[in-house]
Amino acid sequence: MTDPKSKDPAAAAAALAPQIRAAKSDIQSRSTLPDPLIDAMSEANLFQLFVPGAIGGPQTDPITAFRAVEELSKVDGSVGWCSFVASAISMYAAWLPPELARNLFGQPIDIRAAGSFRPTANARHVAQGYQIGGRWNYVSGSDHANWLILNCNILDDSGRVLDGQGHPVTRMMIVPRSAAVIEKTWSTMGMRGTGSNDVVIQKQFVPKEHTFLLYDSAATDGPYYNPRLVTTISWSLISAMALGIARGAMNAFVRMATESGSTTSPTLMRDRTPAQTTVGEAEAIISGSRAYVLNKVEAIWEGACRGDSDPGPRVLQARLAITHSMRESMRAVDMLFGTAGTNNIHESNDLELYFRDIHTACQHIAGLHSNFEYGGQILMGLPPGASGW
């Protein structure tokens, strides 16, 4: 693998478009990414965009990473999702001491991470570490991962360990992918290529030094790795994925509109007022929501680089912009899909895939309508009803 800092990930992502396009049928039928595409994405560092430079990672700034995921998602939403998830999870390599991380993940570094922040399994204190076992669901990219980063409930001889406020203590565990069995549970309407299957570990010892608390300070300094910001910076990439899907849908609709009529008329769709209006409105929706989220992600990044002491107002705006862009992307795709009529219901038409993918992707917590409620609570002086704000 070449020097990660020598690559422009956005340009590399755009250059992969023909290979992704050629693999789309395979991605849908196998519910995972094909090996040649995985290798190409690994070579371009598209699974480890936020890994710190201190351990050999590309440490890509959020705006460049956004553009990289967006480029992938214009062609196939599942490919963009896999880049987003792996990059967000592998960011936590920064929570290990740099020397340990370099030894663990190799040099040149190769970390294709999958995992779960939901503590659906347990870890018991043992000498020098933890014994873990259980099941985690929705582990995107587990087929091509080489490392798993999994949240666990901590147990001792008295049962579940609680903190001073009576809440269960959880801890992130870094284990090799070979320690797990992947159960093929991913059969869905959309985002099929993410392979978001269940991960099952019967019993695995994890050295204490390969674990960390999710909201502890990172072992590596830098604006990326502030626990107050890490969720927002990571989730900016799911916004990029949604906007990439919306742009792909727009491109597919325009191609269709300039090449065909419909079942009821031979007149090209581009020559019909409803199609013209839809394209104009959808363009404003996509471009407007993209401008909002890029502006707010850039603001949070600039503030982090300055070392601003209170990122709360910028986190609020960025979180609102992320949710807004996802839901607006879905609205734009729905408009295009509805206007295209019978043309778009065939699997041979890309618009059908973008429609399925965006509706599946927006079920992620970052895209839920309830995020507007939490933002509104803060704006009116109330505590938010969820963490990460």
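Residues numbered from 1 in each chain as written. Predicted model: local features only at pLDDT ≥ 70, side-chain atom pairs only at ≥ 80, totals over all residues. Heavy atoms only, no water.

Asks: So, the overall build of the protein chain: which residues are in play, and what are the values?
Replies: What the protein chain contains, in helices and strands, is 11 helices and 8 strands. Taking 21 Å as the expected radius of gyration for a compact globule of 389 residues, we find that the protein chain reaches 21 Å, a close match to that expectation. Dimensions of the protein chain, computed from the C-alpha atoms along their principal axes, are close to 75 × 50 × 40 Å. Counting the 389 residues in the protein chain, one finds 54% classified as buried. (Helix = DSSP H or I, 4+ residues; strand = E, 2+ residues; numbered from the N terminus. Rg over C-alpha atoms; globule rule 2.2 N^0.38 Å. Buried < 20%, exposed > 50% of the residue type's maximum accessible area, 1.4 Å probe, protein only.)

Asks: Describe the side chain of S289, listing the residues and the values that go with them.
Replies: Looking at the element boundaries, S289 is found in helix α8 (residues 273-306). At 2.8 Å, the side chain of S289 forms a polar contact with the backbone oxygen of I285. With residues near it in sequence (within four places) discarded, S289 still touches L243, H324, S325 and E328. (Polar contact = N/O pair within 3.5 Å; in protein donor to acceptor, adjacent residues only side chain to side chain. Contact = heavy atoms within 4.5 Å.)

Asks: Explain the pairing of strand β7 (residues 197-207) to me, and be specific about the residues and the numbers.
Replies: In this sheet, β7 lies alongside strand β2 (residues 129-139) in antiparallel orientation, the contact comprising 8 bridges. Paired with Y130 across the strands is V206, a residue of β7. Of the strand pairs in this sheet, strand β6 (residues 181-183) and β7 are connected by 3 bridges, and their pairing is antiparallel. Residue I182 lies in a different strand from β7, and its bridge partner there is V199. (Pairing = 2+ DSSP bridges.)

Asks: If you had to explain the pairing of strand β5 (residues 170-176) to someone new, which residues and values would you point to?
Replies: Two faces make up the sheet, and in a regular strand the side chains alternate between them. Across the 7 residues that make up β5, a large majority, 5, are buried. Two elements, strand β3 (residues 147-156) and β5, share 7 bridges in a ladder whose sense is antiparallel. Looking across to β5, one finds that N153 is bridged to T170. Pairing of β5 with strand β8 (residues 211-212), which is carried by 2 bridges, proceeds in the antiparallel orientation. Note on β8: the bridge partner recorded for M173 is T211.

Asks: Can you explain unusual backbone geometry? Please cite residues and give values.
Replies: Look at the link from Q107 to P108: it is a cis peptide, with omega at 0 degrees. In this fold, P108 is placed in the loop between α6 (98-105) and β1 (113-126). Here Q128, not a glycine, exhibits a phi torsion of approximately 70 degrees, which is positive. By the element assignment, Q128 lies in the loop between β1 and β2. The backbone phi angle of Y138 is positive, close to 55 degrees, even though this residue is not glycine. Along the polypeptide, Y138 turns up in strand β2.

Asks: Could you give an account of the state of the cysteines, naming the residues involved and the relevant values?
Replies: All chains considered together, the criterion is met by 0 disulfides. This cysteine, C82, is not joined by any disulfide, and C362 carries the nearest cysteine sulfur, 17 Å off. We classify C82 as buried; its relative accessible area is 2%. (Disulfide = S-S within 2.5 Å.)

Asks: Quick rundown of the layout of surface pockets? Include the residues and the values.
Replies: The space that makes up the largest pocket amounts to roughly 1200 Å³. Lining the largest pocket we find 43 residues, and of these F117, R118, W235, H364 and I365 sit closest to its centre. Secondary-structure elements contributing two or more residues to the lining of the largest pocket are α5 (77-90), β1, β2, α7 (230-259), α10 (350-361) and α11 (370-379). The residue makeup of the lining of the largest pocket, split by class, is 22 nonpolar, 18 polar and 3 charged. (1 Å grid on protein atoms, 1.4 Å probe; cavity = no way out; pocket = protein on both sides within 12 Å on 5 of 7 lines; lining within 4 Å. Points joined across faces, edges and corners; volume = space filled by probe spheres on them. Nonpolar A, V, L, I, M, F, W, Y, C, P; charged D, E, K, R; others polar.)

Asks: Describe the confidence of the model for the protein chain, with residues and values.
Replies: Segments scoring low in pLDDT should not have their predicted coordinates read at a detailed level. When the pLDDT values of the protein chain are averaged, the result is 93; 97% of them are 70 or greater. Confidence, expressed as mean pLDDT per element, reaches its minimum in the protein chain at strand β4 (residues 159-160) with 90 and its maximum at helix α4 (residues 62-75) with 98. (pLDDT = per-residue confidence, 0-100.)

Asks: A description of α10 should follow, citing residues and the corresponding values.
Replies: The terminal C-alpha atoms of α10, which comprises 12 residues, lie 16 Å apart, in line with the 16 Å expected from a rise of 1.5 Å per residue. Counted residue by residue, α10 has 10 buried out of 12 residues, so it is predominantly covered. Residues of α10 that are buried: L351, E352, L353, Y354, R356, D357, I358, H359, T360 and A361. Buried residues along α10 sit against α2 (17-30), α4, α5, α7 and α9 (312-340). (Expected span 1.5 Å × (residues − 1).)

Asks: Give a detailed account of α8, specifying residues and quantitative values.
Replies: In this model α8 runs 49 Å from its N-terminal to its C-terminal C-alpha over 34 residues, within 8% of the 50 Å that 1.5 Å per residue would give. Directly after α8, the chain includes G307, whose backbone phi takes a positive value near 80 degrees.

Asks: Before we move on, could you go through the nonpolar core and cite the residues and values that matter?
Replies: One finds M41, L46, F84, F105, I238 and M241 to be the most contacted residues of the largest nonpolar core, which totals 104 residues. Sorting elements by how many residues they give to this core places α7 first, with 17 residues. With near-sequence residues (within four places) excluded, F105 lies in contact with I55, A93, L96, D110, I111, W147 and I174. Counting residues in each nonpolar core, the second largest holds 19 residues, with I132, V175, A180 and I182 among its members. (Core = buried A, V, L, I, M, F, W, Y, C linked by side-chain atoms within 4.5 Å.)

Asks: So what's going on with the environment of G57? Which residues, and what values?
Replies: Counting through the fold element by element, G57 comes out in the loop between α3 (35-43) and α4. Distance in space between the C-alpha atoms of G57 and R228 is 22 Å, their sequence separation being 171 residues.

Asks: Break down the packing of aromatic side chains for me, citing the residues and quoting the values.
Replies: In the structure shown here, the tally under the stated rule is 13 aromatic pairs. Arranged with centres 6.4 Å apart and planes meeting at 90 degrees, the rings of W95 and Y225 form a pair that is edge-to-face. Of the two residues, W95 sits in the loop between α5 and α6 while Y225 sits in the loop between β8 and α7, which places them 130 residues apart along the sequence. On the basis of relative accessible area, Y225 is assigned to the buried category, the value being 2%. Members of the aromatic cluster, each reached through a chain of ring pairs, are F50, Y92, W95, F117, F212, Y224, Y225 and W301. (Phe/Tyr/Trp six-rings, centres within 6.5 Å; stacked < 30°, edge-to-face > 60°.)

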